[in-house]
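Here's the letter readout for the chains.
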Amino acid sequence: MKSRLLALAAALGLATTLSAQPALADIAVGYVYVGAKTDGGYNEAQNAGRLYVQKDVPGVKTNFLENVPENAQVTQAMERMIGAGDKIIFATSYGYLSYALELAKKYPKVTFMHCYGDKRAANLGTYSAETYEAMYLAGIAAGKATKTGKIGFVAAHPIPPVLQNINALALGAQSVNPKATVTVVYTGSWNDPAKDVASVNALVDQGVDVVASHVDSPIPVIEAAKKRGIKVVGYHFNDMKFDPQGWLTGVVENWGPVMADVVKQVEAGTWKSEAIHGNLKSGTTQLAPFGPSVEAATRTLIEAKKKEIEDGKLHVWAGPIEAQDGTVLAAKGQSLSPDKIASMDFFVKGVIGNTK
Amino acid sequence: MNIAAWFGLLSIALLMATPVLLAMLGEMLTQRTGIVNLGVEGQMLVGAAAGFAVTYASGSPWLGMLVGALAGMALSSVHALLCLGLGVNQIASGLAIFFLGNGLSAFYGAPLVGQQISGFHSLAHGWLGHLPIVGSFLGQLTSTVYLALILVLLCGLFLYRTQWGLVWRATGESADALRMLGKKPVALRIAGILTGGLFTGLAGAALSVDYTRTWVEQMTAGRGLLAVGLVIVARWNPWLALPVALIYGLSEALALRLQSMGADISPYLLGTLPYLVPLVVLLLSYRASQRGTSMPQELVGVFRGMA
């Protein structure tokens, strides 16, 4: 009885991962998501890419599995997809990397794509977006909007992509508001809405009046900001509808064209494993529409800066850049090295928080 | 820190502690009848999903809270059926409820992710928020915080000040004695489990409908399991549930406050505070107590594998 019950419970737990029906067609592409495809965040941005592929590539069939945890279950999920005929697998969550690498060895004829991964194989490529470029622009909006000069940031973990976004936001804000600070609070989880809300409350009590975030779904942060009547910068996806009044802008990932290119190249037999780094210029990261509170002059300024970044005239990591303690990281006329950017482990001056 | 900062910390603590407090009260009422239900986390998740769904569909957060509570109760009835009806080991049955609630809520809750609800009206602009000195603090709290505080009062009065409360406690202390008095322990235990389910479902709904205004799979993030542990720290006593839940909430709030003040301590170490502090309280309070544990005696059998 006991074991049967546990088996039933386990089956129901697994049911969450078996909701899609992979179909056979010219080329079938499978997507694995760590959360729900409508999370208004990381996973919805990935799923928007899937929908783009569906529209853009003739004859393609896509299928997906949601809520697949970053453990052996993802191996099972991907094998099911491959068994059903998928030729390309988008393993969209960071923690899927080691499992995808294992399967890439086992299925050399299947193409794997991993998001933000730092390892590759002959049949496993990676794609990422330099979201910090857009975060710098959002920082300008935040720097203009804050009255207290205190901006907050709710982050999951102190890892390089998160630190890049925090620093870029601070640099953008300081470019228009030299005294602006960014206070960082870590939740220790990509998905803990209650902690997100508590973090926003803690920040507001410290005088923060603009908040940004880097967790899977920014919705709890936006809802908490709305309750406290402060401004908010979105991340991953355009969530303006949750709080139009408080919304400044957001940093959006636009994976569609990148994914469609991969699918077309695989179909044509020209695909080669590479690490795709999208940016503002390629359109892989974008700025979401402005909220009504953003002044016209600020919008014009941000558009101008965006153009400068796209044209290569403005570099987010161009000196002078000082660390929290005042150490010069890049002098005037210099820039941070690509290595230093990729493995970012410091905060710039004006950021309050810990990097470990 | 000035008085406003202390009030700020306390309001964060109370808001954060409310779902845990409700779940603690529920599990306390269950365990007082001599039954352990480890499925609290699953019941909270089902309550959170159902509460959010009904609030989304009806626009009424109160209706959402009610249905969330009932959903928690419905799931707990499976526990009642398994361990009282079929004699399944309570620990195994509770774990099954945990996984069942987790799977069911994730599966049926998937279409709700990313949906928007309006939640309760803020109390900040009512008469409460305009009181001198404490107004901004009291206005910061939400309807479910006040509901939870009232329920602490009701549970305490019920258990210690009513005839039924005495019978309820006796069920957990000695089912045989109860039988001799002509009462049916099984009926009381069913009531214990279902009431626990009701409270834990409410706890989940408070989390999704009121506190975060969002539903996402596994959003309880272990707080249901934590509540089961905190019942022991609070010695199965509803009056102690509030301070114990507050210790948890304050540790959580303090960890965030220290971070936002730029303290040079790893956020991961700070993140252990909400678990470490209650553990220390547990150790100290057990050392200080001369009377040993206040565990309901019928629970002893559960851990000996007799029930």
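Residues numbered from 1 in each chain as written. Chains lettered and ligands numbered in written order. Predicted model: local features only at pLDDT ≥ 70, side-chain atom pairs only at ≥ 80, totals over all residues.

### Some thoughts on the overall build of chain A
Looking only at helices and strands, one finds eleven helices and 15 strands in chain A. The C-alpha atoms of chain A give 21 Å as radius of gyration, which agrees with the globular expectation for 356 residues (21 Å, within 12%). Over its C-alpha atoms, taken along the principal directions, chain A stretches across nearly 60 × 50 × 35 Å. Here chain A, with 356 residues, has 55% of them falling under the buried criterion. Excluding contacts between residues fewer than 6 apart, the proportion of contacts in chain A whose partners are at least 24 apart in sequence is 67%. (Helix = DSSP H or I, 4+ residues; strand = E, 2+ residues; numbered from the N terminus. Rg over C-alpha atoms; globule rule 2.2 N^0.38 Å. Buried ≥ 20, exposed ≤ 12 C-beta atoms within 10 Å, placed from the backbone. Contact = placed C-beta atoms within 7 Å.)

### Some details on the overall build of chain B
Of the regular secondary structure elements, chain B holds 14 helices and zero strands. The linear arrangement of helices and strands in chain B, starting from the amino end, is α-α-α-α-α-α-α-α-α-α-α-α-α-α. Relative to a compact globule of 307 residues, whose C-alpha radius of gyration would be 19 Å, chain B shows 19 Å and is just as compact. The C-alpha extent of chain B, read off along each of the three principal axes, is 55 × 50 × 40 Å. Looking at chain B as a whole, 54% of its 307 residues qualify as buried.

### So, the sheet that holds strand β4 (residues 111-115) of chain A
All names here are of chain A. Reading across the sheet, the six strands line up as β2-β1-β3-β4-β5-β11 and stay open at both edges, with parallel pairing between neighbours. For this open sheet the edge positions go to β2 (60-65) and β11 (275-278), each flanked by a neighbour on one side alone. On average, adjacent strands in this sheet sit at an angle of 20° to one another, irrespective of strand direction. In this structure, β4 lies alongside strand β5 (residues 124-129), joined through four bridges in parallel fashion. Residue pairing for β5: Phe112 is matched across the bridge by Leu124. (Pairing = 2+ DSSP bridges. Axes fitted to C-alpha atoms, helices over the stretch in contact; angles between N-to-C directions.)

### Here's the deal with the sheet that holds strand β12 (residues 285-287) of chain A
All names here are of chain A. Pairing in this open sheet of seven strands is mixed, and the strands run β12-β10-β9-β8-β6-β7-β15 from one edge to the other. Both outer strands of the open sheet, β12 and β15 (351-352), are each paired with one neighbouring strand and no more. Taken together, the five bridges between strand β9 (residues 231-236) and strand β10 (residues 247-253) define a ladder with parallel strand orientation. For Tyr235, the partnering residue across the bridge sits in β10 and is Val251.

### Details of the domain arrangement of chain A
All names here are of chain A. Each domain of chain A was delimited in the assignment, giving domain 1 (28-129) and domain 2 (131-252 + 285-352). Of note, the centres of domain 1 and domain 2, computed from C-alpha atoms alone, are 28 Å apart. Contact with domain 1, which involves ten residues of that partner, is made by eleven residues of domain 2. The dominant element in the side of domain 1 that touches domain 2, judged by the number of residues it contributes, is helix α2 (residues 42-56), at four residues. Of the residues belonging to the side of domain 1 that touches domain 2, the class tally is four nonpolar, four polar and two charged. (Domains from an automatic or database assignment. Nonpolar A, V, L, I, M, F, W, Y, C, P; charged D, E, K, R; others polar.)

### Focus: the UniProt feature "domain: ABC transporter substrate-binding protein PnrA-like" (unreviewed entry) in chain A
Under the UniProt annotation, "domain: ABC transporter substrate-binding protein PnrA-like" (unreviewed entry) lies at residues 29-309 of chain A. The distance from the first to the last C-alpha atom of residues 29-309 of chain A is 34 Å, and the span holds 42% helix and 22% strand. (UniProt positions renumbered as here; feature names shortened; annotations may be inferred.)

### Some remarks on the environment of Asn191 of chain A
Looking at where Asn191 of chain A falls in the secondary structure, it is placed in the loop between β7 (181-186) and α7 (193-205). In this structure the C-alpha to C-alpha distance between Asn191 of chain A and Ala155 of chain A, which are 36 residues apart in sequence, comes to 11 Å. Ignoring anything within four residues of it in the chain, the contact list for Asn191 of chain A reads Gly35 and Asp216 of chain A together with Val216 and Gln218 of chain B.

### Considerations on the packing of helix α3 (residues 61-85) of chain B against helix α9 (residues 185-211) of chain B
Residues and elements named next belong to chain B. Contact pair α3 / α9: the axes reach a minimum separation of 6 Å and the direction vectors enclose 140°. Here the hand of the crossing between α3 and α9 comes out right-handed. When its residues are assigned to classes, the contact of α3 with α9 shows 17 nonpolar, eleven polar and two charged. (Left-handed = near helix turned anticlockwise from the far one by under 90°.)

### Digging into α3 of chain B
Along its 25 residues, α3 of chain B runs 35 Å from first to last C-alpha, staying within 8% of the 36 Å computed at 1.5 Å per residue. Looking at the residues trailing α3 of chain B, positive phi occurs at Gly87 of chain B, about 70°. (Expected span 1.5 Å × (residues − 1).)

### Describing unusual backbone geometry
Residue and element names in this part refer to chain A. Look at the link from Gly319 to Pro320: it is a cis peptide, with omega at 0°. By the element assignment, Pro320 lies in the loop between α10 (296-310) and β13 (321-322). One non-glycine residue, Tyr116, lies in the positive phi region at around 65°. When you line up the elements, Tyr116 lands in the loop between β4 and β5. Among the residues examined, Tyr116 registers 16 C-beta atoms within 10 Å and is labelled partly exposed.

### Here's the deal with the packing of helix α11 (residues 238-260) of chain B against helix α13 (residues 273-288) of chain B
Residue and element names in this part refer to chain B. The geometry of α11 relative to α13 is characterised by a closest axis approach of 8 Å and an angle of 140° between their N-to-C directions. Once α11 is placed against α13, the crossing between them reads as right-handed. The segment α11 lies against α13, with Val244, Ile247, Tyr248, Ser251, Glu252, Leu254 and Ala255 engaging Leu273, Pro274, Val277, Pro278 and Val281. Here the residues of the contact of α11 with α13 sort into ten nonpolar, one polar and one charged.

### Description of the interface of chain A and chain B
Residue-level contacts link 46 residues of chain A with 44 residues of chain B. Those elements that place two or more of their residues in the side of chain A that touches chain B are α1 (2-15), β7, α7 and α8 (219-228) of chain A. Top contributing element to the side of chain A that touches chain B by residue count: α7 of chain A, with nine residues. Looking at the side of chain A that touches chain B residue by residue, the classes come out as 20 nonpolar, 16 polar and ten charged.

### Describing the nonpolar core
Ranked by internal contacts, the top residues of the largest apolar core, which has 201 residues, are Ala138, Ala142, Ile166, Leu169 and Val211 of chain A together with Met24 and Leu230 of chain B. The residues that make up this core include at least three from each of domain 1 (28-129) and domain 2 (131-252 + 285-352) of chain A. Setting aside residues no more than four positions away along its own chain, Ala138 of chain A makes contact with Leu169, Gly172, Ala212, Val233, Thr249, Gly250, Val251 and Leu287 of chain A. (Core = buried A, V, L, I, M, F, W, Y, C linked by C-beta atoms within 7 Å.)

### Points about the confidence of the model for chain A
Scored by pLDDT, chain A has a mean of 92; 93% of the residues are at 70 or more. Low pLDDT, under 50, characterises residues 1-25 of chain A; the stretch is placed with 49 contacts to residues that sit more than four places away or in other chains. (pLDDT = per-residue confidence, 0-100.)

### Structural notes on the environment of Phe99 of chain B
Residue and element names in this part refer to chain B. Mapped onto the secondary structure, Phe99 falls in helix α4 (residues 90-109). Looking at Phe99, the number of C-beta atoms within 10 Å reads 20, which means it is buried. Residues Phe99 and Leu226 lie 127 residues apart in sequence; the distance between their C-alpha atoms is 16 Å.

### Side note on the pairing of β9 of chain A
All names here are of chain A. The element β9 is extensively covered by neighbouring structure, given that six of its six residues are classed as buried. Pairing analysis gives two bridges linking strand β8 (residues 210-214) to β9, with the strands arranged parallel. Of the residues in β9, the one forming a bridge with Val211 is Val232. Crossover β8 to β9 through α8 is right-handed. (Right-handed = clockwise from strand over helix to strand, strands pointing away.)

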